[in-house]
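# Examining the three-dimensional arrangement
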Amino acid sequence: ADDAAAQASTPPHTRPPSPGDAFVKGGLSLTFRFRYEYYAQGSAPGERIDADARAPTARVAVGYETKPYRGARLFAEYEWVGPIGSAQYRIPTVTARSAAGLPVILDPQVHTLNQLVGAYSTPTGNLTVRVGRQELLLNDGRFVSQSLWRQHHQTFNAVTATIRPRPGVTAF
């Protein structure tokens, strides 16, 4: 009974957050990117290319990240990539876009749960562990990155740990 009375007399802004608070007070993210790719291809011997390719595409990503609760947080992101306007190009793996006579532009039509990540950070911030489907960027992104030049970002199923044993030193 004393605990209930103490909690009732504690101002709401000083109460520790609950899991529900962490979810409700999280943040929404929205990104939109338009890209226009034009490709004029001269016919090589044996090819039958009748027209140039025009690919106006858009990428829309909607995400939500919870506030931390006891060091844990969740992040989810849905991604949609597709043509907008008068698109005129070929994607061999998509039946609706596999018309012969057009050059290939490989920006697939996608609607997917692009990222779903659970993360935990120690109270000191010296250790952060992330588990799930996530975008990664190692070093300058030459070998492992989300491929920002494409509309559909590359994600990885991974477990990552970042350790900061002292200021200025980070291990991934």
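Residues numbered from 1 in each chain as written. Predicted model: local features only at pLDDT ≥ 70, side-chain atom pairs only at ≥ 80, totals over all residues. Heavy atoms only, no water.

With that settled, the discussion passes to the overall build of the protein chain. A count of helical and extended segments in the protein chain gives two helices and seven strands. In the protein chain, which comprises 172 residues, the share counted as buried stands at 26%. Here the analysis covers contacts within the protein chain between residues at least 6 apart in sequence; of these, 57% occur between residues at least 24 apart. (Helix = DSSP H or I, 4+ residues; strand = E, 2+ residues; numbered from the N terminus. Buried < 20%, exposed > 50% of the residue type's maximum accessible area, 1.4 Å probe, protein only. Contact = heavy atoms within 4.5 Å.)

Right, let's talk about the pattern of salt bridges for a bit. For the structure shown, the criterion picks out four salt bridges. Across the salt bridge formed by Glu77 and Arg59, the nearest N and O atoms sit 3.9 Å from each other. Of this pair, Glu77 sits in strand β3 (residues 72–83) while Arg59 sits in strand β2 (residues 53–65); the two residues are 18 residues apart in sequence, bridging distant segments of the chain. As far as the burial class goes, Glu77 and Arg59 line up, both buried. Between Arg73 and Glu65 there is a salt bridge, with its nearest N and O atoms 2.8 Å apart. For Arg73, a relative accessible area of 21% translates into the label partly exposed. The exposure class assigned to Glu65 is partly exposed, which follows from its relative accessible area of 31%. Several salt bridges converge on common partners, so that one network encompasses Arg59, Glu77 and Glu79. (Salt bridge = Lys/Arg side-chain N within 4 Å of Asp/Glu carboxyl O.)

Attention shifts here to unusual backbone geometry. Although it is not a glycine, Arg70 sits at a positive phi angle of roughly 50°. Within the element layout of this structure, Arg70 appears in the loop between β2 and β3.

Following the sequence through the fold, Thr66 ends up in the loop between β2 and β3. With 44 residues separating them along the chain, Thr66 and Ala22 place their C-alpha atoms 5.5 Å apart. Sequence-distant contacts of Thr66, defined by excluding residues within four places in its chain, comprise Ala22, Phe23, Gly26, Arg73 and Leu74. At a separation of 2.9 Å, a polar atom in the side chain of Thr66 contacts the main-chain amide nitrogen of Leu74. (Polar contact = N/O pair within 3.5 Å; in protein donor to acceptor, adjacent residues only side chain to side chain.)

With that out of the way, let us pick up the pairing of β2. Bridge count between strand β1 (residues 27–39) and β2: 13 bridges; the pairing is antiparallel. Of the residues in β2, the one forming a bridge with Arg35 is Thr57. Alignment of β2 against β3, held across nine bridges, turns out to be antiparallel. Counterpart to Glu65 in the pairing with β3 is Phe75. Adjacent in sequence and paired antiparallel, β2 and β3 are bridged by six residues, among which Arg70 carries a positive phi angle near 50°. (Pairing = 2+ DSSP bridges.)

Attention now goes to the sheet that holds strand β5 (residues 127–134). Strands pair in a sheet through their backbones, by hydrogen bonds, and they do so in one of two ways: parallel or antiparallel. With respect to topology, seven strands assemble into an open sheet ordered β1-β2-β3-β4-β5-β6-β7, the strand pairing being antiparallel. The sheet terminates laterally at β1 and β7 (169–171), the two strands that pair on one side only. Strand-to-strand twist across the sheet, computed as the mean angle between neighbouring axes with direction ignored, equals 15°. The sheet contact formed by β5 and strand β6 (residues 156–166) spans eight bridges and is antiparallel. Of the residues in β6, the one forming a bridge with Val131 is Val159. (Axes fitted to C-alpha atoms, helices over the stretch in contact; angles between N-to-C directions.)

So, about the packing of aromatic side chains. Going through the model one piece at a time under the given rule, you end up with one aromatic pair. Judged by centre distance (5.5 Å) and plane angle (55°), the rings of Phe23 and Tyr64 are tilted. Of the two residues, Phe23 is situated in helix α2 (residues 19–24) and Tyr64 in strand β2; the sequence distance between them amounts to 41 residues. Phe23 gets classed as exposed once you look at its relative accessible area, which sits at 52%. (Phe/Tyr/Trp six-rings, centres within 6.5 Å; stacked < 30°, edge-to-face > 60°.)

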